[in-house]
Amino acid sequence: MSQEMVPPTAVGTTENKVTLEQWRALLAVIDAGGYAKAAELLNKSQSAVSYAISQLETALGVKVFQLQGRKAVASPAGELLYRRAKQLLEQAERLEKSAGCLSVHVEPLVKIAADIIIPPARVLQCLAIFAKDFPDTRVEVFESVLSGTEDALLQRQVDLAIGGRVPMGFMGEKLVTVVMRGVSSADHPLQLLGRPINDEDMRQHRQIIVRDSGQYRRRTEGWQEADQRWTVSHIKTSLDAIRLGLGYAWLPDAYTHEDIEAGILKYLPVEIGSVREVTTYLTFADRDFAGPATRRLAEILKEHLPTMCGYSG
């Protein structure tokens, strides 16, 4: 066929076969386990949901559900499309939110996740500086531990995050290297052995561990081999337990140095591994669409936290 005979509509056509609403219907039916519950979730009639799925199947030429008895379950193709559609809808939602930010000169709200390995008081000092520049911007702080910080970024719950790891797909800037040391009360049995202690010595005494705040609690850090362990949700609780002689732990110097200087706590005389270093990073959820308030807060954190948390004993 010569070029003159090609219909104009056939050149450069990129029209999508499936709408976002049809993808939402697919996700809702699979998540809810049926058309009726999906209709409730979407606030639509069951027939409207059924029609959306039918149109999707027709457009793609695949069956997304198959019958098992009287119940419709996702086919292998449906399961694959479900995963891809979930990513597509998340991206579309982020794009809409980001585009909305372009029409706002200053964000009314900035959200930040901060791993408590950085003392919250230090973050608040930075926020006090920030408040002078943006007094009308509200701030929400999510105190997190380990993978909880990553979850906050991945789920787009925050604009900024301070944590020990940068999730795949994000770019983080090095912020502070936190020094952590094994500590116990001055009269703890491990301090009274009169010699360097080893793993076997520590296994015989209680270790205090701070719980991962992530949705799946998928991360642990450091040595956690004691036969007896207590798990708490905040470093300050761990510190209180250690002051009472209830166990030992590895804690950031910023939390313990005053007690060390006062003689209330002592560093564990560990043969190997008495000191650990954790690099923390500052990560934007979406740097390109970050507003002036978010960017200013990031500048303040980068400028002041390294000095505030620079104690190394």
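Rules of the game
Residues numbered from 1 in each chain as written. Predicted model: local features only at pLDDT ≥ 70, side-chain atom pairs only at ≥ 80, totals over all residues. Heavy atoms only, no water. Buried < 20%, exposed > 50% of the residue type's maximum accessible area, 1.4 Å probe, protein only. Helix = DSSP H or I, 4+ residues; strand = E, 2+ residues; numbered from the N terminus. Arc of directions from axis to C-beta. Contact = heavy atoms within 4.5 Å. Axes fitted to C-alpha atoms, helices over the stretch in contact; angles between N-to-C directions. Parallel < 35°, antiparallel > 145°, perpendicular 65-115°, else oblique. Nonpolar A, V, L, I, M, F, W, Y, C, P; charged D, E, K, R; others polar. Phe/Tyr/Trp six-rings, centres within 6.5 Å; stacked < 30°, edge-to-face > 60°. Lys NZ or Arg CZ within 6 Å of the ring centre and 35° of its normal. pLDDT = per-residue confidence, 0-100. Left-handed = near helix turned anticlockwise from the far one by under 90°.

### Quick look at helix H8 (residues 235-243)
What H8 keeps buried is the set Ile235, Ser238, Leu239, Ala241 and Ile242. Relative to the axis of H8, the buried residues are bounded by an arc of 160 degrees and lie together on one face. Buried residues belonging to H8 abut strand S6 (172-185), strand S7 (207-210), strand S8 (229-232), strand S9 (249-252), helix H9 (253-262) and strand S10 (265-267). Positive backbone phi, approximately 75 degrees, marks Gly245, located one or two places after H8.

### Topic: the packing of helix H2 (residues 35-42) against helix H3 (residues 46-60)
The contact between H2 and H3 brings their axes to 8 Å, and the two run at 105 degrees. For the element pair H2 / H3, the angle class is roughly perpendicular. Residues Tyr35, Ala36, Ala38, Ala39 and Leu42 of H2 form the contact with H3, whose own contacting residues are Gln46, Val49, Ser50 and Ile53. Broken down by class, the residue content of the contact of H2 with H3 amounts to 7 nonpolar, 2 polar and no charged.

### Topic: the packing of aromatic side chains
Tallied over the entire structure, the rule returns 3 aromatic pairs. Considering the side-chain rings of Phe130 and Phe134, the 5.4 Å spacing of their centres and the 20 degrees angle between planes classify their relative orientation as stacked. In this structure, Phe130 and Phe134 share a single accessibility class: buried. In this structure, Arg206 is placed above the aromatic ring of Trp230, and the distance from its NZ or CZ to the ring centre is 4.1 Å. Positioned above the aromatic ring of Trp250, the side-chain terminus of Arg276 is 4.0 Å from the ring centre.

### Describing the confidence of the model for the protein chain
Averaged over all residues, the pLDDT of the protein chain equals 85, while 88% of them reach at least 70. This model gives residues 1-13 a pLDDT under 50, and the stretch forms 2 contacts once residues within four places in sequence are excluded.

### Describing the packing of helix H1 (residues 20-32) against H2
Look at H1 against H2: their axes get within 8 Å of each other, and the N-to-C directions meet at 120 degrees. The angle between H1 and H2 places the two elements in the oblique class. When you trace H1 past H2, the crossing you get is right-handed. Residues Arg24, Ala25, Ala28, Val29 and Ala32 of H1 form the contact with H2, whose own contacting residues are Tyr35, Lys37, Ala38, Leu41 and Leu42. Looking at side-chain class alone, the contact of H1 with H2 contains 8 nonpolar, no polar and 2 charged residues.

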